[in-house]
Amino acid sequence: MNLLLRNVRPGGGDPTDVLVRDGRIAGFGPTEADVPVEDGGGALLLPGLVDAHCHLDKTLWGLPWVPNTSGSVLADRISNEQRRRKEFGLPSPEPAAALLDTMIANGTSFVRAHTDVDPELGLSGIEAVREAAARHRGRVTVEQVAFPQGGLLTRPGTLELLERAVASGVENVGGIDPAGYDRDPRGHLDAIFDIAARHGCGVDLHLHDEGPLGAWEIELVIERTKALGLAGKVAIGHAFGICGIPDAQQDRLLEGLAE
Ligand SMILES: [Zn+2]
């Protein structure tokens with residue numbers, strides 16, 4: 001792809017031109033080139049936006065409006081979602097591709113999608129998101145997290161499916177509230193870190209557990225990350241456990257995360 005983009009402000013700076021050759025920025029500044037020209041009209045020019053936490057497999061984007069029918073605690077929301085997904089024909093590539101289209105139009109060029117995996121769904125969500133991403137190939141990079149939304153050790157069969165997902169090319173293995181939801185923090189984390197260590201994939205954990213419990217689980221994640229040499233490949237979403245602990249403990253936790 002070749003393009004001369006005129007009159008744009010990279011990072012909010014002075015207006016300039018940007019020459020793109022073979023899909024890469026070849027230079028900044030006023031220039032002439034025998035390539036298609038687009039007038040940026042003085043608009044802000046930014047790198048593509050990164051959406052690091054998205055659930056493409058359960059979006060209802062483009063479908064009729066659905067009022068919230070869930071209770072207020074996490075377990076209510078998860079069971080409501082699992083009860084109703086069939087009713088909406090999920091998982092399906094259609095709404096996922098529609099949401100990606102809107103994200104791309106608003107500047108997103110990288111998406112990390114947490115995709116539900118459980119014995120009822122198998123890998124159908126993973127396949128639906130793959131299909132949606134394939135429809136937008138070249139416009140956006142989509143990577144997935146095989147996510148045990150309905151529980152891991154409490155939902156027999158799920159662990160094997162996570163491993164199959166990763167073996168099929170999924171970039172990350174996920175986890176959910178090892179204590180508060182799955183009831184076995186050490187067992188849960190050991191299981192997903194074992195998959196990551198053997199397959200060389202990343203780890204991305206949903207952690208809503210709060211206060212000292214959540215903070216302790218973050219310590220367990222740091223311990224395993226260090227022991228297995230996975231620094232830079234492990235992420236924690238929500239991470240409410242960072243709040244609601246004494247300052248000194250919080251400082252130590254943040255140092256551990258940075259390390
Ligand atoms: Zn999430």
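This is a predicted model, so every value here is computed, not measured.

(A) View of the packing of helix α2 (residues 93-105) against helix α3 (residues 124-135). Orientation of α2 relative to α3, taken along the N-to-C sense of each, is 45 degrees, at an axis distance of 8 Å. Relative to α3, the element α2 lies oblique. As α2 runs across α3, the sense of the crossing is right-handed. Along its contact with α2, which presents P93, E94, A96, A97 and L100, the element α3 presents A128, E131, A132, A133 and R135.

(B) Here's a closer look at the environment of A167. Tracing the sequence through the fold places A167 in helix α4 (residues 158-167). For the pair formed by A167 and F110, sequence separation is 57 residues and the distance between their alpha carbons is 22 Å.

(C) Structural view of the domain arrangement of the protein. On domain assignment, one finds that the protein holds domain 1 (3-45) and domain 2 (49-258). Distance between the C-alpha centres of domain 1 and domain 2: 37 Å.

(D) Representation of the pairing of strand β6 (residues 108-116). Most of β6 is tucked away, with 7 of its 9 residues classed as buried. For strand β5 (residues 49-54) and β6, the ladder comprises 4 bridges, and the chain directions are parallel. Looking at β6, one finds that C54 is bridged to A113. As defined by bridge partners, β6 adjoins strand β7 (residues 141-147) across 7 bridges and the pair is classed as parallel. The partner of T115 across the bridge, within β7, is A146. This β-α-β element, β6 to α3 to β7, shows right-handed connectivity.

Rules of the game
Residues numbered from 1 in each chain as written. Predicted model: local features only at pLDDT ≥ 70, side-chain atom pairs only at ≥ 80, totals over all residues. Heavy atoms only, no water. Axes fitted to C-alpha atoms, helices over the stretch in contact; angles between N-to-C directions. Helix = DSSP H or I, 4+ residues; strand = E, 2+ residues; numbered from the N terminus. Parallel < 35°, antiparallel > 145°, perpendicular 65-115°, else oblique. Left-handed = near helix turned anticlockwise from the far one by under 90°. Contact = heavy atoms within 4.5 Å. Domains from an automatic or database assignment. Buried < 20%, exposed > 50% of the residue type's maximum accessible area, 1.4 Å probe, protein only. Pairing = 2+ DSSP bridges. Right-handed = clockwise from strand over helix to strand, strands pointing away.

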